[in-house]
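# Tertiary structure, described
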Amino acid sequence: MWPAPGSTSRSGRLFGVLTLLLCPSSLHGCISPPRIPHGSYKVIDRTLGIPTTVQYECQEGYALVGAATLSCKFIQWSSPAPRCEALCLKPRIPNGKLSVERDQYITPDTLTIQCDPGYKMVGSQVISCSQYRSWIPAVPKCERVNSAPSEVLEREEVLEGQHLLKCLPDPGDSKMALELHKLSLRIEKLEQERAKGIRYI
């Protein structure tokens, strides 16, 4: 027996309704929104109980990179899931400058540090924001450059030598007088160090 006219179309519609109710995935292919590390989403809109629009947010200490809101477009989400990148606070480096000035940085931002004139770098000049919310390698320091003892001695020798030269009646003896003065200062320094117990090899 053949089905009555119109019964086929009614059966087709009934099958379609049953398919939607029993297998809602036939509506679209993005039932489960993507999950992301250090973040979560909340459902903004639903269709037949199925999430169709979601909004992402990150845990404290992390920044959202990418689209915060995703919508289901028939078989896929409107864009890739965003990421939650670790936040690093702006490093404080007295007497130094950063290549990029911001209040916060995210993984994998990299900074180059430049010390002010008269200061030297102690540590790595290049640091990166890590996934652990810290700078790797450790934040360097800019320390003042102190004159070496030999430079200080030479400066004292010159100043005292200039004062001595003013007392010489014959300018031709100035060179010899200066050398003798420098020699006497070195001898005095050696005697002081010997008195302190410093040994020389």
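Just above, that's the structure.
Notes on the structure in this doc start here. Note that the structure is predicted; figures quoted are calculated from it, not measured. (Residues numbered from 1 in each chain as written. Predicted model: local features only at pLDDT ≥ 70, side-chain atom pairs only at ≥ 80, totals over all residues. Heavy atoms only, no water.)

## Things to note about the pattern of salt bridges
Counted under the stated rule, the structure contains 4 salt bridges. The salt bridge partner of lysine 90 is glutamate 101, with a shortest N-O separation of 2.6 Å. Taken together, the residues lysine 90 in the loop between β6 (83-89) and β7 (96-98) and glutamate 101 in the loop between β7 and β8 (104-106) connect sequence positions 11 residues apart. Residue classification places lysine 90 among the partly exposed positions, given a relative accessible area of 35%. A salt bridge links aspartate 116 to lysine 97, with the nearest nitrogen and oxygen atoms 2.7 Å apart. Remark: lysine 97 occurs in strand β7 and aspartate 116 occurs in the loop between β9 (110-115) and β10 (119-122); sequence separation between them is 19 residues. (Salt bridge = Lys/Arg side-chain N within 4 Å of Asp/Glu carboxyl O. Helix = DSSP H or I, 4+ residues; strand = E, 2+ residues; numbered from the N terminus. Buried < 20%, exposed > 50% of the residue type's maximum accessible area, 1.4 Å probe, protein only.)

## Here we look at the pairing of strand β11 (residues 126-129)
Looking along a regular strand, one sees the side chains alternate between the two faces of the sheet. Residues Ile127 and Cys129 line the buried face of β11, whereas the alternating positions Val126 and Ser128 sit on a face that is not buried. Relative to β11, β9 is paired through 3 bridges, and the arrangement is antiparallel. Each residue of the ladder has a partner; that of leucine 111, found in β11, is isoleucine 127. With 2 bridges joining them, β11 and strand β12 (residues 135-136) adopt antiparallel strand pairing. Its bridge partner being in β12, cysteine 129 is matched across the sheet by tryptophan 135. (Pairing = 2+ DSSP bridges.)

## Side note on the sheet that holds β12
In any sheet, the strands associate via hydrogen bonds between backbone groups, in a parallel or an antiparallel arrangement. Read from one edge of the open sheet, 4 strands run β7-β9-β11-β12, paired in antiparallel fashion. The open sheet has two free edges, formed respectively by β7 and β12, since each of these has just one partner strand.

## A short note on the sheet that holds β8
Strand order in the open sheet made by the 3 strands is β3-β6-β8, with antiparallel pairing throughout. A single partner strand is all that each edge strand has here, and the edge strands are β3 (62-65) and β8. Ignoring which end each strand starts from, the neighbouring axes of this sheet average 40 degrees apart. Inspection of the sheet shows β3 paired to β6 by 4 bridges, in the antiparallel sense. The residue bridging alanine 63 from the neighbouring strand is glutamate 85, located in β6. (Axes fitted to C-alpha atoms, helices over the stretch in contact; angles between N-to-C directions.)

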